[in-house]
Amino acid sequence: MKAITANPETVREVFSKRYIIPDFQRPYSWDRETCEKLWDDITSFYGTGIINDDKYFLGNIVINPASDKTAPAWEIVDGQQRLTTLLLLIKALHSNAGTVKALEECLRIKDPLTSALTDELRVNSHVISEDRENLQMVVMDRVSEMPECNILKNYKFFCEKISEWRAYNGQTSEALNNFILALLDNIVLLPIHCGSEDDALTIFETINNRGMSLSDADIFKAKLYHNTPVSEQEKFIEDWNKLTDHDWFFRILMHILRAEAGDSSKETSMRSYFTRTAKPLKNCSAIMRSLKIINAIYDWYGSDEIFSLWCIMNTYPNYYWNFPVFVFLHKYGLFDEKEEDFKLPDKYIGQFTALMEATVKYFFIKGVVYNSVNAVRDTVYKVCVSIEKEKDYLSDYQANIYKEDIKAFKDLLDTDRLKRCQRGIVLLVAYLNPSQDKGSFADFMTGRVEIEHILPKKWNNYDGWTDQLWSERLNTLGNLVPLSKKLNIAARNEFFDKKKEYYKESEVQDVKDLIAVKEWKPADVMVKQKEKIKRLLKYFKI
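Along each chain, residues carry numbers from 1 onward, in the same order as the chain's sequence is written. Reporting of local features is limited, given that this is a predicted model, to residues whose pLDDT is at least 70; pairs of side-chain atoms are given and counted only at 80 or more, and all residues count toward the totals for whole chains, interfaces and linings. Side-chain descriptors were evaluated using all non-hydrogen atoms of the structure, hydrogens and water having been removed beforehand.

Caption draft 1: Inspection of a negative patch on the surface at higher detail. A cluster of like negative charges, contributed by D299, D336, E339 and D341, occupies part of the molecular surface. Note on placement: D299 falls in the loop between helix 13 (284-297) and helix 14 (304-313). A patch consists of residues whose relative accessible area exceeds 30% and which take part in no salt bridge; residues with like charges are grouped when within 9 Å of each other, and nonpolar side chains (Val, Leu, Ile, Met, Phe, Trp, Tyr) when within 5 Å. The Shrake-Rupley method, run with a 1.4 Å probe sphere, supplies the accessible areas, and residue values consider only the shown protein chains as cover. Take a side-chain nitrogen of Lys or Arg and a carboxyl oxygen of Asp or Glu: if they are within 4 Å of each other, that pair is a salt bridge. Asp and Glu count as negative and Lys and Arg as positive, but His and the ends of the chain are not part of the count. Note that the charge is assigned to NZ on lysines, CZ on arginines, CG on aspartates and CD on glutamates. Every helix listed is a DSSP run of H or I at least four residues long, and every strand listed is a run of E at least two residues long, numbered separately from the N terminus.

Caption draft 2: Broad picture of the packing of aromatic side chains. Only Phe, Tyr and Trp rings are paired, with Trp represented by its six-membered ring, and only when their centres lie within 6.5 Å; those with planes under 30 degrees apart are stacked, over 60 edge-to-face, the remainder tilted. The tally for this structure, following the rule as stated, stands at 39 aromatic pairs. A ring pair is formed by W300 and F342, whose centres lie 5.6 Å apart and whose planes are at 85°; its orientation type is edge-to-face. On the criterion of sequence distance, the pair formed by W300 in the loop between helix 13 and helix 14 and F342 in strand 11 (residues 341-343) is long-range, its members being 42 residues apart. The ring centre of Y539 lies 4.8 Å from the NZ or CZ of K361, which sits over that ring. Comment: the charge-over-ring label is applied if NZ (Lys) or CZ (Arg) is within 6 Å of the ring centre and within 35 degrees of the ring normal. Across from the ring centre of Y431, 4.7 Å away, lies the NZ or CZ of K438, which sits over that ring.

Caption draft 3: Representation of the pairing of strand 5 (residues 74-78) within the structure. Residue burial is assigned from relative accessible area. The probe radius is 1.4 Å, only protein chains are included, and a residue is buried under 20% of its type maximum, exposed over 50%, and partly exposed in between. Counting buried positions along strand 5 gives 4 out of 5 residues, so the element sits mostly inside the fold. As paired elements, strand 3 (residues 19-21) and strand 5 share 2 bridges and run parallel to each other. Along strand 5, the bridge assignment pairs I20 with E75. Any two strands are treated as partners once DSSP identifies two or more bridges connecting them. Here 4 bridges tie strand 4 (residues 56-65) to strand 5, and the two strands are oriented antiparallel to one another.

Caption draft 4: Molecular detail of the pattern of salt bridges. Inspection of every chain in the model, using the stated rule, returns 35 salt bridges. A salt bridge links D141 to K91; its shortest N-O distance comes to 2.9 Å. Linking D141 in the loop between helix 5 (131-139) and helix 6 (150-169) with K91 in helix 3 (residues 80-97), this pair joins segments that are 50 residues apart in sequence. Between R142 and E145 there is a salt bridge whose closest N-O contact spans 3.3 Å. A single salt-bridge network, built from bridges that share partners, covers K235, D239, R289, K292 and E337.

Caption draft 5: Structural view of helix 2 (residues 32-47). Multiplying one less than the number of residues by 1.5 Å gives the expected span of a helix. For helix 2, which comprises 16 residues, the first-to-last C-alpha distance of 22 Å matches the rise-based estimate of 22 Å (1.5 Å per residue) to within 8%. Inspection of helix 2 places C35, L38, W39, D41, I42, T43 and F45 among the buried residues, and these make up the whole buried set. Next to the buried residues of helix 2 lie strand 4, helix 3, helix 6, helix 7 (173-186) and strand 9 (187-193). One or two residues past the end of helix 2 sits G49, with phi positive at roughly 90°. We call two residues contacting when some pair of their heavy atoms lies within 4.5 Å.

Caption draft 6: The arrangement of unusual backbone geometry in detail. If you check the backbone angles, S115 has positive phi at about 65° while not being a glycine. On the secondary structure map, S115 appears in the loop between strand 6 (108-110) and strand 7 (117-121). Here the phi dihedral of E340 falls at roughly 55°; this positive angle occurs in a residue that is not glycine. Checked against the element boundaries, E340 lands in the loop between strand 10 (334-336) and strand 11.

Caption draft 7: The arrangement of the side chain of D216 in detail. Positionally, D216 belongs in helix 9 (residues 216-226). In contact with D216, not counting residues within four places along its chain, are D247, M270 and R271.

Caption draft 8: Here's a closer look at the side chain of H255. Mapping H255 onto the fold places it in helix 11 (residues 246-260). Apart from the residues lying within four places of it in its own chain, the contact partners of H255 are E267, F323, V327 and Y381.

Caption draft 9: Expanded view of the environment of I293. Along the chain, I293 turns up in helix 13. Along the backbone, I293 and V188 are 105 residues apart, and their C-alpha atoms lie at a distance of 48 Å. For I293, the contacting residues outside a window of four places in its chain are H330, F335 and F342.

Caption draft 10: Expanded view of the nonpolar core. Here, nonpolar core refers to any group of buried Ala, Val, Leu, Ile, Met, Phe, Trp, Tyr and Cys residues whose side-chain atoms link them within 4.5 Å. Counting residues in hydrophobic clusters, the biggest one holds 112 residues, and the most contacted among them are F250, F274, F328, L329, F352, F363 and L428. In terms of residue count, helix 16 (residues 346-369) provides more of this core than any other element does, 13 residues in total. Among all residues touching L329, those that are not within four sequence positions of it are I297, W300, W310, F342, L344 and F352. In this structure, V14, I21, Y28 and L103 belong to the second largest nonpolar core, which totals 52 residues.

Caption draft 11: Region of interest: helix 14. Counting buried positions over the 10 residues of helix 14 gives 8, a clear majority of the element. Along helix 14, the residues classified as buried are I306, F307, S308, L309, W310, C311, I312 and M313. Looking at the buried side of helix 14, the elements it contacts are helix 13, helix 15 (322-332), helix 16, helix 20 (422-431), helix 21 (438-445) and helix 26 (522-540).

Caption draft 12: Expanded view of the environment of E33. Its place among the elements puts E33 in helix 2. Linking E33 and N154, residues 121 residues apart in sequence, is a C-alpha distance of 9.8 Å.

Caption draft 13: Local environment of the pairing of strand 9. Of all 7 residues making up strand 9, 6 are buried, and the element is well covered by its neighbours. Where strand 1 (residues 5-6) and strand 9 come together, 2 bridges link them in antiparallel fashion. Each bridged residue has a counterpart across the sheet, and for A6 the counterpart in strand 9 is I192. Where strand 2 (residues 9-10) meets strand 9, 2 bridges bridge the pair, whose relative direction is antiparallel. Counterpart to E9 in the pairing with strand 9 is L189.

Written as structure tokens, this is what we have:
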């Protein structure tokens, strides 16, 4: 990391430099409420009566030298919303005060030869939006030509506030000039000068600020946009806006690209991978196609079995199970770009179902026994590479399930210590009921699903239950079934006979099977417990 300096600067000093808002930043987004807070901060400070060198600290900005050496400038990594808003406030004051040279010099760059003010603004936005043009129109007094936008709204807000302030404090030029001088010379910011963009991003991520945090995807978007031919940039923005979860899709894509490269090593951060290590963002068309495939996969059904297993895995306490699944679908799936439709050819459905089952088995054994990401990560990396290189990826899972894991898993199934995997195990054992209709179960999983305690959490002493037996068996598999939210609300805390009236409406066979049970005694729970554990052990083949 290069040298980093930070010295307080007044608004006048801050706006004596040239700034660039890089294109990976978000468009200008401060609303009226945020502007009102800024205005109240400044006017409250001024209203206390400034004595000599009293200063009011307005916050940090994080900047690094811009790459363009022909016109020295600072790139704003954090603080662009605040600086843009201050520029609007300065312009509103300038509009109200008439010709105040000091304000004009904060708004526009001087010609280095003539010292005449140019049309170039102190803050120049490169963001993929109309921010640059809108800011230019405000500063150059072309407000009447502007579309409705945040920049115009906030400029008008400050104009209104200044008019109100003047009416309250007297309409004299002296009062307004004193306020302007206070803004320029007594309001300070802390510019943190970083030697490089990487350093600036690191600092930005570790300090508290009032701005909006940049996501990895914000930065990737800008770099992809830069690498897109001008004629295709409008289509790029259209395609980008259709993606539903940019950061998550990039994480999936990182594992797809790592698998293609045969990389099963420890993963780096996403930002490091995409911008420094592999630098795949140069191939914009390939990246965007892969992101669209990932997006389309979420609308793909596959089969009742695949959908049900996918929903069960969605309950898993970490997301690593997704990566082998998406590597397979990305490799073997067909994507119609025009229709934005994904399908997996029939010849691969069986292989993918086997992969889903192997994924379920591996992750739930590891999850119940270890409840740790560290227990699954290395295997996931290997499986991803094996899928891409068309090796025996199922054996990678099997090779990393040890005898000790199997023994511990079997022992824990008969307890209430299934940890964060409890919900998934309850769903899985219901799905595995030999009488369960797979289509009905898939339909059930499209709704809001809850876990029903047959013997309720709020319990009265009846049917042979004691406090100890209730405590021991309340959260075991024998006493748990999946139920729709609607039925679970209706059945909650009712006596067993009453609950069976609601159970009749369920699509889940494990729930329907309870209708034939006369009473819900400790022995009945044990019967169901043994039945469900036997079902699971058969499925896990242990």
